[in-house]
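Residue-level structural notes
Listed below are the residues making up each chain.
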Amino acid sequence: MFRRLCLALLAVALTSGCDTYHYLAGTIHEDARRPARALTHYENFLARRPKDPRSCEVRLRAAELYRLTFGRCQEARRHYEAAARDFPRMTACSERAQAGLLKCPDYFPLDRGRTWVYVDSESRGKAMRLDWEVRRSSGAAGGVILTALFAGNKRIKEGFESYLKESWAVWRSDGSHREAILRYPYSDGQSWKGVRRAGKTKTVVEWMVVSSCESVKVAAGHFTACVKVREHDLRYPKTWRYDYYCPGVGRVKTTVGGPGFENPNIELSRFDKMNEQ
């Protein structure tokens with residue numbers, strides 16, 4: 001039955017034109033779990049009809065296949081970027097494309113059930129420990145993290161932090177205010193600013209990608225291809241912090257820096273990927 005349906009659809013496509021044939025053939029092969037063949041047809045369709053209204057969907061389909069099936073982020077990003085750039089009026093598609101760019105690689109995973117344990121670098125947790133757990137998640141696009149701070153074995157503080165991936169950035173929010181802690185593209189020298197509010201106090205904070213290819217060794221292990229981001233409160237010109245974000249893991253290290261120095265502060269001790277629900 002499925003074979004006859006496919007043949008019928010392809011017959012219709014052939015009478016309608018080569019472009020429609022490639023579009024339908026791609027979806028058929030994708031549904032039949034033949035991703036390589038699907039990509040061949042999607043790429044042929046896009047080469048012929050890059051501005052076709054269907055092309056935004058096709059680019060998302062191709063990007064997801066490259067990302068999820070083959071783990072090829074360079075090709076996935078090419079399609080995500082084109083979908084976001086070429087179809088700004090197709091809001092839903094463009095937003096999905098922008099969110100996709102933040103997943104490949106994913107420097108801040110937010111799957112429900114993920115946990116991270118951070119410790120102070122000096123005592124490796126004897127003095128301080130910070131536990132994170134994703135309690136609520138809207139897939140990979142956003143989530144709420146439960147935080148618990150320990151002094152020794154005593155829990156001294158607990159709270160929630162909200163994160164959202166949209167508009168080319170990863171946003172940290174406290175409900176009334178948000179700030180972009182990561183922003184695409186993750187290229188060396190990329191910088192952005194934001195206003196941070198604490199009560200009635202406002203301060204300008206600048207973030208900058210110092211390096212997009214860092215190797216980091218912490219208690220939880222050795223990580224590569226990490227992004228190093230400097231966060232600088234402009235009220236204090238000679239001190240700042242660095243955060244290291246690694247693909248598929250998230251933040252693995254925080255240091256305190258200034259002109260000519262960088263000292264370890266907090267590092268990842270262990271982490272677990274999402275629990276199957």
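These remarks concern the structure in this document. Each chain has its residues counted from 1, running along the sequence as written. In keeping with the predicted nature of the model, local features appear solely for residues at pLDDT of at least 70, side-chain atom pairs appear and are counted solely at 80 or more, and the whole-chain, interface and lining totals rest on all residues. Excluding hydrogens and water, the side-chain values take into account all heavy atoms of the structure.

All right, on to the state of the cysteines then. For the purposes of this analysis, a disulfide is any pair of cysteine sulfur atoms at a distance within 2.5 Å. Per the stated rule, a full pass over the model turns up three disulfides. Here C73 connects covalently by a disulfide to C104, the sulfurs 2.1 Å from one another. Taking the torsion about the S-S bond as the criterion, the C73 to C104 disulfide, at about -100 degrees, is left-handed. Remark: C104 occurs in the loop between α6 (91–101) and β1 (115–120) and C73 occurs in helix α5 (residues 73–86); sequence separation between them is 31 residues. Once the bonded cysteines of the protein chain are numbered in order along the sequence, the disulfide links fall as 1-3, 2-4, 5-6. Between C213, a free cysteine, and C226, which holds the nearest cysteine sulfur, the sulfur-to-sulfur gap is 8.6 Å. Buried means the residue's accessible area, taken with a 1.4 Å probe over protein chains only, is under 20% of the maximum for its type, while exposed means over 50%, and partly exposed covers the values in between. Look at C213 and you get exposed, because its relative accessible area is 62%. Counting from the N terminus, the helices are the DSSP runs of H or I reaching at least four residues and the strands are the DSSP runs of E reaching at least two.

Buried Ala, Val, Leu, Ile, Met, Phe, Trp, Tyr and Cys residues that are joined via side-chain atoms within 4.5 Å together make up what is termed a nonpolar core. Membership of the largest hydrophobic core comes to 62 residues, with the highest contact counts inside it found for F108, W132, I145, L182 and V252. Per-element accounting of this core gives the leading share, seven residues, to helix α4 (residues 55–69). Aside from chain neighbours lying at most four places away, what touches I145 is F108, L110, W116, W132, E133, V134, G159, F160, E161 and Y163. By the convention used here, residues are in contact when the closest approach between their heavy atoms is within 4.5 Å.

We now examine the packing of α4 against α5. Note on method: axes are straight lines fitted to C-alpha atoms, helices fitted across the in-contact stretch only, with angles between N-to-C directions ranging 0 to 180 degrees. Remark: α4 packs on α5, axes separated minimally by 8 Å, with the N-to-C direction vectors making an angle of 160 degrees. Taken together, the axes of α4 and α5 lie roughly antiparallel to each other. Crossing hand, α4 versus α5: left-handed. For the pair formed by α4 and α5, the contact residues are C56, R59, L60, A62, A63, E64, Y66 and R67 on the first element and E75, A76, R78, H79, Y80, A82 and A83 on the second. Polar here means any residue outside two lists: the nonpolar Ala, Val, Leu, Ile, Met, Phe, Trp, Tyr, Cys and Pro, and the charged Asp, Glu, Lys and Arg; Gly therefore counts as polar. Residues belonging to the contact of α4 with α5 are distributed by class as follows: nine nonpolar, one polar and five charged. An angle counts as roughly parallel when it lies under 35 degrees, as roughly antiparallel when it exceeds 145, as roughly perpendicular when it falls between 65 and 115, and as oblique in every other case. Two helices crossing with the near one rotated counterclockwise from the far one by less than a right angle form a left-handed crossing, whereas a clockwise rotation gives a right-handed crossing.

Before going further, it helps to examine empty space enclosed by the protein. To find leftover empty space, one rolls a probe the size of a water molecule over the atoms. A cavity, in this analysis, means grid points on a 1 Å lattice covering only the protein atoms where a 1.4 Å probe fits yet has no way out; a pocket is instead an open set bounded by protein on both sides within 12 Å along at least five of seven lines, and a residue lines either one if it has an atom within 4 Å of a point. Grid points are joined across faces, edges and corners, and a volume is the space filled by probe spheres set on the points. This model, assessed by the stated rule, comprises one cavity of 30 Å³ or more. In this structure, the largest cavity encloses a volume near 30 Å³. Lining of the largest cavity is provided by F108, P109, W116, Y118, W132, V249, G250 and R251. Elements supplying a minimum of two residues to the lining of the largest cavity: β1 and β11 (250–258). Taken together, the residues of the lining of the largest cavity sort by class into six nonpolar, one polar and one charged.

Below, the discussion takes up a nonpolar patch on the surface. Patches were defined on residues exceeding 30% relative accessible area and lacking a salt bridge, with like-charge contacts within 9 Å and nonpolar side-chain contacts (Val, Leu, Ile, Met, Phe, Trp, Tyr) within 5 Å. Computed with a 1.4 Å probe, the accessible areas rest on the Shrake-Rupley method; for each residue, only the protein chains presented here act as cover. Here, a salt bridge means any side-chain nitrogen of Lys or Arg that lies within 4 Å of a carboxyl oxygen of Asp or Glu. On the surface, a nonpolar cluster with roughly 200 Å² of combined accessible area is contributed by V195, V204 and L234. Note on placement: V195 falls in strand β7 (residues 191–198). Residue classification places V195 among the partly exposed positions, given a relative accessible area of 37%.

So, about α6. Of all the positions in α6, only C93, S94, A97, Q98, A99, G100 and L101 are classed as buried. Structurally, α6 contributes buried residues whose contacts are with α4, α5 and β4 (154–166).

Among the structural elements, K228 can be located in strand β9 (residues 221–233). For K228, the side chain forms a polar contact with the side chain of Y244, separated by 3.3 Å. Polar contact is defined as a pair of N or O atoms within 3.5 Å, subject to the rule that within protein one atom must be able to donate a hydrogen and the other to accept it, and that residues adjacent in sequence are counted only when both atoms are side-chain atoms. A polar atom in the side chain of K228 sits 3.0 Å from the side chain of E262. In this view, K228 contacts M208, V209, V210, S211, E214, Y242, D243, Y244 and E262; residues no more than four positions away in its chain are not counted.

Interpretation in functional terms is not warranted from these geometric data alone.
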